Amino acid sequence: MTSAVPPKGTGPLARREARLAWGLLLPTVISVSLVVILPLLAIFWISFKPIELADLRAPTPIIKESLRGKPSDVGDTGTLEYKLRNSSRDKAITGVTLTDMIPEGLVLGELDERCTVSVQDLFCDFGDLAGKQREKISIPVTLTQAFVDAGVHPKDSIPVMTGDAENILTNFEFSLENYARIFDGDEFWTVFWVTLFYTIVGTVGALVFGLFAALLLNKSFRGQGILRGLYLFPYVAPVIAVAFTWVTLFDPFSGSANALLLQMGVTQEAINFFGQRPLALIMVTVFEIWRYFPLSFLFILARMQSIDTDMYEAADMDGASPFQKFWYLSLPQLLGILSVLFLLRFIWTFNKFDDIFLLTGGNAGTRTLTVNVYEQAFAVSNIGAGAAVAVVIFGCLLVFSFFFFKYVSREEGL
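Rules used in this analysis
Residues numbered from 1 in each chain as written. Predicted model: local features only at pLDDT ≥ 70, side-chain atom pairs only at ≥ 80, totals over all residues. Heavy atoms only, no water. Helix = DSSP H or I, 4+ residues; strand = E, 2+ residues; numbered from the N terminus. Buried < 20%, exposed > 50% of the residue type's maximum accessible area, 1.4 Å probe, protein only. Patch = residues over 30% accessible without salt bridge, like charges linked within 9 Å, V, L, I, M, F, W, Y side chains within 5 Å. Areas by Shrake-Rupley, 256 points an atom, 1.4 Å probe, with all protein chains shown as cover. Salt bridge = Lys/Arg side-chain N within 4 Å of Asp/Glu carboxyl O. Phe/Tyr/Trp six-rings, centres within 6.5 Å; stacked < 30°, edge-to-face > 60°. Lys NZ or Arg CZ within 6 Å of the ring centre and 35° of its normal. Disulfide = S-S within 2.5 Å. Pairing = 2+ DSSP bridges. Axes fitted to C-alpha atoms, helices over the stretch in contact; angles between N-to-C directions.

Colleague: Would you take a moment to explain unusual backbone geometry for this structure?
Modeller: Keep in mind that most residues, glycine aside, have a negative phi and that most peptide bonds are trans. At the junction of R277 and P278, the peptide bond is cis and its omega measures out at -10° in the coordinates. Relative to the helices and strands, P278 resides in the loop between helix 8 (256-264) and helix 9 (279-304). Despite not being glycine, A364 has its phi angle at roughly 55°, a positive value. Topologically, A364 is positioned in the loop between helix 12 (354-359) and helix 13 (369-379). What makes A364 buried here is its relative accessible area of 16%. Despite not being glycine, S381 shows a phi value in the positive range, around 65°. Relative to the helices and strands, S381 is located in the loop between helix 13 and helix 14 (383-412). Accessibility expressed as a relative area gives 27% for S381, which makes it partly exposed.

Colleague: How do you make sense of the environment of L344 when you look at a structure like this?
Modeller: Note on placement: L344 falls in helix 11 (residues 322-350). Residues L344 and T203, spaced 141 residues apart in sequence, show a C-alpha to C-alpha distance of 9.1 Å.

Colleague: What am I meant to see in a nonpolar patch on the surface here?
Modeller: Taken together, L26, I30, V32, L34, V35, V36, I37, L38 and L41 make up a surface patch of nonpolar side chains, about 810 Å² in accessible area. Position of L26 among the secondary structure elements: in helix 1 (residues 12-47). On the accessibility criterion, L26 (47% relative accessible area) is partly exposed.

Colleague: How do you make sense of the packing of aromatic side chains when you look at a structure like this?
Modeller: Aromatic rings considered in pairs are described by the distance between their centres and by the relative angle of their planes. What the rule picks out here adds up to 31 aromatic pairs. Considering the side-chain rings of W45 and F172, the 5.7 Å spacing of their centres and the 75° angle between planes classify their relative orientation as edge-to-face. Placement of W45 in helix 1 and of F172 in the loop between strand 8 (160-164) and helix 3 (177-183) is noted, with a sequence separation of 127 residues between them. Using a relative accessible area of 31% as the deciding quantity, one classes W45 as partly exposed. For the ring pair F250 and F273, a centre distance of 4.9 Å and an interplane angle of 65° mean the geometry is edge-to-face. Here F250, found in the loop between helix 7 (239-249) and helix 8, pairs with F273, found in the loop between helix 8 and helix 9; they are 23 residues apart in sequence, far enough to count as distant. Given a relative accessible area of 9%, F273 falls into the buried group. Sitting above the plane of the F174 ring, K49 keeps its charged end 4.6 Å from the centroid. Sitting above the plane of the Y292 ring, R345 keeps its charged end 4.4 Å from the centroid.

Colleague: Can you help me understand the state of the cysteines in this one?
Modeller: Linking two cysteines covalently via their sulfur atoms produces the bond known as a disulfide. The final tally for this structure, using the stated rule, is one disulfide. Between the sulfur atoms of C115 and its disulfide mate C124 the distance is 2.0 Å. Disulfide C115 to C124: torsion about the S-S bond roughly 110°, handedness right-handed. A residue is classified by how much of its surface remains accessible, and C115, at 6% relative accessible area, is buried.

Colleague: Which parts of the structure should I look at to understand the sheet that holds strand 5 (residues 115-118)?
Modeller: By way of backbone hydrogen bonds, the strands of a sheet pair with one another, either parallel or antiparallel. Read across the sheet, four strands follow the order 5-6-3-8 without closing on themselves; strand pairing throughout is antiparallel. The sheet is open, and its two edges are formed by strand 5 and strand 8, each paired on a single side. On average, adjacent strands in this sheet sit at an angle of 15° to one another, irrespective of strand direction. In this structure, strand 3 (residues 93-101) lies alongside strand 8, joined through four bridges in antiparallel fashion.

Dropping the structure here:
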């Protein structure tokens, strides 16, 4: 007779360890959910709603209270004034009411027909307020000795406003209006192909130049450390400083580049590098390569210095040329780090906004999807359309990551 042995990982100790592991991971899971998942879900939610910038604040009744006439002594008269408005331009607010406490000793005159007073409590019913609607209530008042002795002011009591309004952010009405808007016509596809060109050429260029720089600085020589530091300058320098430098350098009127080209006779007139198609797109792509090749250089150089030198010594004895040593020895060893760098640089470049915005503002055929998000959300004030473009960006990167991990990483053993 044999006793049943529980499957591996299902015993009491394994279950206790699993609960402990989940308990330790819970703070991390919650943090990731709050920082990543919840904002992502919010973007998806907003992308299916026709939300403009003004809709981010729910319609609310706004009140301003003042005591006009500047009464200050017993028997002085003035006017207690309430100015009310709807914060929304087009959304109505229903059941708007005002409640305020009148200071003791402040005698009210004739009331507005919408208002009543019970002891010291003022209550006004405005009914419904349409978008942009404004209302004003003026109540004549007289000061008494009790009011002067108390030393209070009507503003010491804050009016309480109530009202109901539909919040487009929280209701369950959805539409595809934003997606229909961004996919309408050829504009989106033009922006999409510009984004692909900028991303692919910028990513591959940064890897190629980083690889070339790593090959140059893989040997020991005097001043190697200083030169490596200079290579890292484009990456560590503030982007606003280097972008301003490039714009100034290639300015068509006062830039040094144009002055040099004119002096050498290469061109007969100044070139607007960042203001004409397709040169502007080429320039922002070159800037992307120049600015971010140091990151590739740093990682590739670190990987190259970890390769065993015995292989190269054996190749030298066999009479291998430098190109053969690179192609058959170095490159296979670098494919892993090159694949990882390509993945990271592709995602980062696809999401890049600040470089293009600082250089061209998205003009002259350099508008990418990320710049389009900004223009839709803030320039046009259509938050919903901007969120829809952001969802498209997320979908593109999701598809790219899927194919990368399915095919490229499998071949490289990542």
